[in-house]
Structure formats: C-alpha cells, structure tokens
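Notes for the structure review
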Amino acid sequence: SPDRPLAGRHVVVTSGPTHEPIDPVRYIANRSSGRQGHAIAAAAARAGARVTLVSGPVTIPTPEGVDIVAVESARDMLAAVEAALPADIAVMAAAVADWRVEAAPQKMKKTGGGPPTLTLSENPDILATVSRSAARPPLVVGFAAETENVIAYARDKLARKGCDWILANDVSAGVFGATDTRVHLVTAEGVEDWPPETKDAVAARLVERIAAAIDEKAPR
Ligand code: C5P
C-alpha cells in the first residue's frame, strides 16, 4: 500500500560506534551517537519493512517495531549482519572502527617499565564484505563522512566497496552527535544534493528513495 511501501521487505541497518577491547575493562571507541542509523531503522519500520538493527553500544532508545541485535566490536557486527541475511536492503550507517587491538586476556597493569604498546590489526569492512557476498542484498547503501572533496571521495568509495549508493556527509561542521546534517546521494547515475535537514528527515527521504528503487531492483 502507498503508506507502507516496504511491506514484505527485510531491511538490515547497522548503527552506532564499535567498541574494540584493549583488555577486559578497557576499549577504543568513537563518538558516533547512532542517531542516523536508528532514524533510518525507524523510518523503514514505519514504511512497513521488517527491520534488523545491528547496533554498537549507544545510549539512545531502540526505535519501535525493529528487531535489535546489540554488538560491541566490528567483528561481532559483521557476524550479526551476516546472520541477519538474506535481506532486500542493507544500510550501513555504523561508524565501524578501522582497527582492533590485540586484546590482553587480563587487565593490563602498570609495571614501572613505561606504557604498553597496543598492537593494531585491520578490521573487516562490513559494507565491502556484504556488497561482495553471495547473499548480497539487491540494494546496498553506505555512508561516507568527509571533511573535504566529499563527492569525489564518495564516488571512489562506491567503486571500492561495491555498494549501490553512498550517502555522503559533510562533517566539516560537527555533524557527529548533532541533529542537523547535510548529505549528498551519490549513485552510478549521478549526485543529488539534499537540503540541510534533521537526521530524521534524511532517514525519511532515504526510505522514500529506497521504496522508489527496490521494486525495480528486486521485483516481488
Ligand atoms: O571507509 P569508510 O569508513 O569511510 O566507509 C564508511 C562506510 O563503510 C559506512 O557505510 C560504514 O558503515 C562502512 N564501514 C563498514 N565496515 C568498516 C568500515 C566502514 O561497514 N570496517
């Protein structure tokens, strides 16, 4: 029906930061609030979709009508996303840590021998992995947060990660944790500049665009 255009569709959304453990009591994190990803999950649910929201640790409430899977690290998040497939649509809005720490099994102690060295290794790229998987959803959307050359980097990301759309975010003016945001929808067809608006409005607009595109990409 026109007010529930995503009825019968399954949407997987990632949201929030990841926490990468250093030892049993410490972790490395980032400032993602989860607001944009949660708003997209909420908007998709309102449009009638079944929504699996795979979220890192956040303090905001779980939107009504979505199935939440709470995770901590990037590797947990990838496993949860893969377990949630198949899906018609994947939207990767999480701020995934690029690196994880080779975590100590016990709390690290001050030794008097100076500070420890943290050994980092690269995390899996969830967006790229899902975009290239056998269970790839027909429509995969990623985000790009950039402070310069926003469109050029987004085009590059589209190609590198193998997703269909990138919502490119200009974060030069403190969007992390804020309510208002400025995005550009970058696809193979071109670039759409969206007006500055709230993350809820961006979510509603994205879900509208998804609803308009999905029936062609994945006929029922
Ligand atoms: O490479 P960059 O982090 O700028 O890419 C951002 C996009 O890729 C976002 O959609 C983010 O959710 C996704 N991503 C991911 N897994 C990673 C890193 C980024 O899914 N390890």
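About the criteria used
- Residues numbered from 1 in each chain as written.
- Predicted model: local features only at pLDDT ≥ 70, side-chain atom pairs only at ≥ 80, totals over all residues.
- Heavy atoms only, no water.
- UniProt positions renumbered as here; feature names shortened; annotations may be inferred.
- Contact = heavy atoms within 4.5 Å.
- Helix = DSSP H or I, 4+ residues; strand = E, 2+ residues; numbered from the N terminus.
- Polar contact = N/O pair within 3.5 Å; in protein donor to acceptor, adjacent residues only side chain to side chain.
- Buried < 20%, exposed > 50% of the residue type's maximum accessible area, 1.4 Å probe, protein only.
- Pairing = 2+ DSSP bridges.
- Axes fitted to C-alpha atoms, helices over the stretch in contact; angles between N-to-C directions.

1. Overview of the UniProt feature "binding site: CTP" (unreviewed entry) in the protein
Per the UniProt record, "binding site: CTP" (unreviewed entry) is annotated on D98, K107, P124, D125, I126, L127, F143, K157 and K161. Separation in sequence by 64 residues is matched in space for these annotated residues, since their most distant C-alpha atoms are 37.9 Å apart. Discounting chain neighbours no more than four positions away, the residues touching D98 are S121, E122 and N123. With respect to the helices, strands and loops of the structure, D125 is situated in the loop between β8 (120–122) and α3 (126–131). In this structure the side chain of D125 is engaged in a polar contact, spanning 2.9 Å, whose partner is the backbone nitrogen of A128.

2. So, the pairing of strand β1 (residues 10–15)
β1 sits mainly inside the fold: six of its six residues count as buried. Because side chains alternate across β1, one face comprises the buried residues H10, V12 and T14, and the other comprises V11, V13 and S15, equally buried. When β1 meets strand β4 (residues 50–55), the two strands line up parallel, connected through six bridges. Note that in β4 the partner of H10 across the bridge is R50. Pairing geometry for β1 and strand β6 (residues 89–92), over four bridges, is parallel. Bridged to V12 within β6 is A90.

3. Digging into the side chain of H10
You can see H10 is positioned in strand β1. Here H10 falls in the buried class, since its relative accessible area comes to 5%.

4. Structural notes on the sheet that holds β1
The strands making up a sheet are joined through hydrogen bonds of the backbone, oriented either antiparallel or parallel. Ordered by their spatial adjacency, eight strands build an open sheet running β5-β4-β1-β6-β9-β10-β12-β13, and the pairing between neighbours is mixed. Strands at the two margins of the open sheet, each flanked by one partner only, are β5 (67–70) and β13 (190–193). In this sheet, neighbouring strand axes are inclined to one another by 15° on average, regardless of whether the strands run parallel or antiparallel.

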